[in-house]
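# Topology and contacts: notes
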Amino acid sequence: MHGRVKIKTTAQQEEEKRKEREKKLKIYVAARDACFSKRNEGIWDDEALQLTQQLLSSNPDFATLWNYRREILMHLETVKDKDEVQKIYEAELSFTESCLKVNPKSYGSWHHRGWVSARLPRPDWARELTLCDRCLSLDDRNFHCWDYRRMVVKMSGVPVDQELAFTDRLIGSNFSNYSSWHYRSTLLPLLHPESPEPPSPCREPPQSSPPPSPQTHSHRVCEEQLLKEYELVQNAFFTDPNDQSAWFYYRWLLGRAEREEMISCVYVNRDEERVAVAFSRPVNAQSVGLFLILDGQPQRVEWRSVHPRFKQSPVWICNLPPGTISDITNERNLTVHWTEKHTHRDCALYTGRTESWCRDSATDQELFRSELSVEKTSVLQSELQSVKQLQELEPLNKWCLLTIILLMRALDPLGYEQEMLAHFRTLKEVDSMRSAYYSDLCSKFMIENTILKMEYAEVRVFSISDKNLTTLCHLDQLLLVTHINLSSNHLQRLPPQFAMLQCLEVLEADNNAIENLEGVYHLPKLEEVLLKNNKISTLADLQTLASCPKLKRLDLRGNPVTQTANVESELAELLPSVTDLLL
């Protein structure tokens, strides 16, 4: 046995490892307790700095210790001169770098490094950019590093074109880089902005015109650059059709910029002496400075949202004092001012008219699609053919199918409607896990198409029956609709947003799966509600109908609620205005 190395058993090794871990844990806990004790006593000395360094070196994700360390450093700033503070913070940068080697995605380390860099008397931003480049070369999806890099770029004033070239390099080396594509989408509007449009006639010039910034920029990209981006991203998804990052970027390119903030519609009704105002986005009218002027005189009115659940809403209503506009022999002129956005909209209520409105249609607002130049139309047609070719090679690729749908909508949403529906059916088969998402997206597109058809026909009837709808959207665009037909779809509820249909007189929603009527709330002109063959099961589900004062006809045939005892007498008490009840 002499001269031979004794081989330890597994049990002995495990025991030694356990003892070693316990020893390290005792040291760690003792150091941690010492830190907490010093912090409680308000001690910010070099020993505390060393203790936190010792602990964070082994565990850089201890947020409380980073906070204590910052308290110590701020104290040292008050007792050291500028050169000493510079050295302390340079050492701190070296320390955070060592922590990032332990965990390159440590929230605490990156946050602390940003804090130190911002307080450094003489920061070396070039060094920080080099560090970012090095980290991203190891992991180009390290979003902590991307966030830090954006801070460094902002603080050091790196030119936008230089950063765009940086994304070119990363995308060129690896198409599958979400962060690079996303960063590119924030840089392009700054470097290649779309030419500003002439101001709207309803828009008042602001007091001053500050230069564009990333916070105030319109986020529109000029067409020339967009066409170049189509070519770049096409190379990416043809290289790897199953990678999602390029497809998402392509979807951003096909999207529309944020809508201009404006008053999109003003509606006034003599009989109810009511004004409804629709905005291009949800607002809180009680806090944005909304004023009503009638024949040059300011009116004291109380604005309210269409449903009590909404503090922010695209549609707001108010009632004028009795007798203000009820005389049908008088012409009245209203102006709604939105002072926060320096905009207003006028509306004339002519003699003999009981109602009037002034609005921008969805087509006017380019709400669902933008007008395309000849060149852009040609490029998108070419793109559509290219993606179709790719789809022939990759028939089960969901990204191809979805992008074909988006290209069709950008080119001609009505002309491609049937082809789009066929592609949605294929999508649900190919990607069944997301079939509900595709059903909702298809519903959205069908509603958009129906709004466009309604506007082209210049009618106030919105008919979208038997279209397999699973959800409702764009209801703020239906403010003026008097008759809506939602029959034979797959709707389960009429959401609170449905209360935006302030002119609605007839609601047809037979043969759905509706359980909830929450949105049929305070619709002042509603007279008929047809809900045959739905899933309304209790009288409580019909409670909101009591808020509709003109309701006369209600069809509940084929609903579970009709089996309730004494349902007819209960409904007569709940809805006394109803004279034609079908059970």
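Quick caveat, the model's predicted, so the values are computed rather than measured. Residue numbering note: each chain is counted from 1, following its sequence as written. It should be noted that, the model being predicted, local features are given only for residues of pLDDT at least 70 and side-chain atom pairs only at 80 or more, the latter also being counted only at that level, while totals for whole chains, interfaces and linings use all residues. As a convention, hydrogens and water are excluded, and side-chain values are obtained from all of the structure's heavy atoms.

### Describing the sheet that holds strand β4 (residues 297–299)
Rule in force here: Paired strands, in this sense, are two strands between which DSSP finds at least two bridges. Helix and strand assignments come from DSSP, with helices taken as H or I runs of at least 4 residues and strands as E runs of at least 2, each series counted from the N terminus. As a rule, the C-alpha atoms of each element are fitted with a line to give its axis, helices using only the stretch in contact, and angles between N-to-C directions run from 0 to 180 degrees.
Pairing is antiparallel across the open sheet formed by four strands, whose spatial order is β4-β3-β7-β8. Every other strand in the sheet has two partners, leaving β4 and β8 (343–349) as the edge strands with one partner each. On average, each strand axis in the sheet is inclined to that of its neighbour by 25 degrees, with strand direction left out of account. Taken together, the three bridges between strand β3 (residues 290–294) and β4 define a ladder with antiparallel strand orientation. Residue pairing for β4: L292 is matched across the bridge by Q299.

### Topic: the domain arrangement of the protein
We apply this condition: As annotated, the domain borders come from an automatic or database domain assignment.
When the domains of the protein are assigned, the result is domain 1 (18–173), domain 2 (223–252 + 368–439), domain 3 (263–353) and domain 4 (460–581). Of note, the centres of domain 2 and domain 3, computed from C-alpha atoms alone, are 41 Å apart.

### Looking at the pairing of strand β7 (residues 332–338)
Stated precisely, the cut-off is as follows: Throughout, exposure labels follow a simple rule: accessible area from a 1.4 Å probe, protein chains only, divided by the maximum for the residue type, with under 20% read as buried, over 50% as exposed, and the rest as partly exposed.
Judged by how many residues are buried, β7 sits mostly within the fold: five of seven residues are covered. Inspection of the sheet shows β7 paired to β8 by seven bridges, in the antiparallel sense. Its bridge partner being in β8, V336 is matched across the sheet by R345. Count of turn residues in the β7/β8 antiparallel hairpin: four residues, of which H342 carries a positive phi of about 55 degrees.

### Regarding the pattern of salt bridges
Worth spelling out the cut-off: One side-chain nitrogen of Lys or Arg within 4 Å of one carboxyl oxygen of Asp or Glu is enough to make a salt bridge.
The full count for this structure, using the stated rule, is 38 salt bridges. The shortest N-O distance in the salt bridge between R281 and E261 comes to 2.4 Å. Highlighted residues: R281 in strand β2 (residues 274–283) and E261 in the loop between α11 (244–254) and β1 (263–269), separated in sequence by 20 residues. Note on E261: relative accessible area 25%, which makes it partly exposed. We note a salt bridge from K525 to E355, for which the minimum N-O separation is 3.3 Å.

### Points about the environment of D412
Cut-off, in case you're wondering: Identification of polar contacts relies on pairs of N or O atoms within 3.5 Å, with a donor-acceptor requirement for protein atoms, meaning one able to donate a hydrogen and the other able to accept it, and with residues adjacent in sequence counted only if both atoms are side-chain atoms.
Looking at the secondary structure, you find D412 in the loop between α13 (398–411) and α14 (417–430). By relative accessible area, which is 36% here, D412 ends up partly exposed. In sequence terms D412 and R369 are 43 residues apart; their C-alpha atoms lie 8.6 Å from each other. A polar contact of 3.0 Å, which involves the side chain of D412, links it to the backbone nitrogen of G415.

### Notes on the packing of aromatic side chains
We apply this condition: When the centres of two rings from Phe, Tyr and Trp lie within 6.5 Å, Trp using its six-membered ring, the rings pair. Their planes under 30 degrees apart give stacked, over 60 give edge-to-face, and anything left gives tilted.
Counted by the stated rule, this structure contains 17 aromatic pairs. On the basis of an interplanar angle of 45 degrees and a centroid distance of 5.8 Å, the ring pair of W66 and F95 is categorised as tilted. Placement of the pair is W66 in helix α3 (residues 63–79) and F95 in helix α4 (residues 82–102), with a sequence separation of 29 residues. The exposure classification of W66 matches that of F95, with both residues buried. On the numbers, 4.9 Å between centres and 80 degrees between planes, the contact of F279 with W338 is edge-to-face.

### A short note on the nonpolar core
Definition in use: For this analysis, a nonpolar core means a set of buried residues of the types Ala, Val, Leu, Ile, Met, Phe, Trp, Tyr and Cys, connected via side-chain atoms within 4.5 Å. By definition in these notes, contact holds between two residues if any of their heavy atoms fall within 4.5 Å.
Ranked by internal contacts, the top residues of the largest apolar core, which has 104 residues, are I484, L486, F498, L507 and V520. Sorting elements by how many residues they give to this core places α13 first, with 11 residues. Once residues within four sequence positions are removed from consideration, L486 is found in contact with I464, S465, L472, L491, L494, F498, L507, E508, A509 and N512.

### Looking at the UniProt feature "domain: Rab geranylgeranyltransferase alpha subunit insert-domain" (unreviewed entry) in the protein
Rules: UniProt positions are given in the numbering used here, feature names are shortened, and annotations may be inferred rather than shown by experiment.
The residues that UniProt annotates with the feature "domain: Rab geranylgeranyltransferase alpha subunit insert-domain" (unreviewed entry) are residues 263–362. For the annotated span residues 263–362, helix accounts for 0% and strand for 53% of the residues, and the straight-line distance between the end C-alpha atoms is 13 Å.

### Focus: helix α9 (residues 178–191)
To keep it simple, the criterion reads: By definition here, a helix of n residues has an expected span of 1.5 Å times n minus one.
Under the 1.5 Å per step criterion, the end-to-end length of α9 is 20 Å for 14 residues, consistent within 8% with the ideal 20 Å. Among the residues making up α9, those that are buried are S179, S180, W181, Y183, R184, S185, L187, L188 and P189.

### A short note on the state of the cysteines
Where we set the bar: Count a disulfide wherever a pair of cysteine sulfur atoms falls within 2.5 Å.
Tallied over the full model, the rule gives zero disulfides. In this structure C318 is a free cysteine whose sulfur lies 12 Å from that of C347, the closest cysteine sulfur available. Summary of cysteine pairing: C548 is not part of a disulfide, and the nearest cysteine sulfur, belonging to C503, is at 14 Å.

### Some points on the side chain of H112
Its place among the elements puts H112 in helix α5 (residues 107–119). Not counting residues up to four positions away in its chain, the partners in contact with H112 are W66, R69, R70, L73, E92 and T96.

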